[in-house]
Amino acid sequence: LVRRLPSWVCGHTETPFAGRSIRDVAELSGNEAEEVEVHSYWPDGSFSYGRSVQSEGFVVRIQMIDNDPNHLEEKLQFSDFEPPEGWPEWTRFAFRPGVSLLRVPDETESDG
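These numbers were taken from a predicted model, which means no experiment stands behind them. (Residues numbered from 1 in each chain as written. Predicted model: local features only at pLDDT ≥ 70, side-chain atom pairs only at ≥ 80, totals over all residues. Heavy atoms only, no water.)

(A) Summary view of the side chain of threonine 15. Topologically, threonine 15 is positioned in strand β1 (residues 11-15). Those residues in contact with threonine 15 that lie beyond four places of it in its chain are Glu35, Val36, Glu37 and His39. (Helix = DSSP H or I, 4+ residues; strand = E, 2+ residues; numbered from the N terminus. Contact = heavy atoms within 4.5 Å.)

(B) Spatial organisation of the environment of serine 52. Relative to the elements of secondary structure, serine 52 occurs in the loop between β3 (46-49) and β4 (56-65). For the pair formed by serine 52 and aspartate 80, sequence separation is 28 residues and the distance between their alpha carbons is 9.1 Å.

(C) Up close: the packing of aromatic side chains. Taken as a whole and judged by the stated rule, the model has eight aromatic pairs. Judged by centre distance (6.2 Å) and plane angle (65°), the rings of tyrosine 41 and tyrosine 49 are edge-to-face. Overall, tyrosine 49 belongs to the buried group, its relative accessible area being 7%. When the ring of tryptophan 87 is compared with that of phenylalanine 95, the centres are 5.8 Å apart and the planes differ by 65°; the resulting orientation is edge-to-face. You can call tryptophan 87 partly exposed: its relative accessible area is 41%. On the basis of relative accessibility, which here comes to 26%, the residue phenylalanine 95 falls in the partly exposed class. What links up through ring pairs into an aromatic cluster is the set Tyr41, Phe47, Tyr49 and Phe78. (Phe/Tyr/Trp six-rings, centres within 6.5 Å; stacked < 30°, edge-to-face > 60°. Buried < 20%, exposed > 50% of the residue type's maximum accessible area, 1.4 Å probe, protein only.)

Everything listed here is a matter of geometry and, on its own, says nothing about what the molecule does.
Now the structure itself:
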């Protein structure tokens, strides 16, 4: 197995991004997000998101933020990116959005 991503990044995660822009999600509070979108990452760096556009690709780069192994920055390359009207065609292969990942502690059971 060639592992390009830390094990804690790999797997399937439910996110509040279903049918929303990142700006819309940032404005949510509490449990307003009823729909979820599943984001899946595999050890080789490939990923897929549960949507029809900008939904698959690979992690081009991953690095620690502030030397913290639990806070990572990713640069993504979508394999199904369609440039918006007016963008040059070459941006199909050069648009690489960044994503920040923060590892949260594992959930534990509580007695009270």
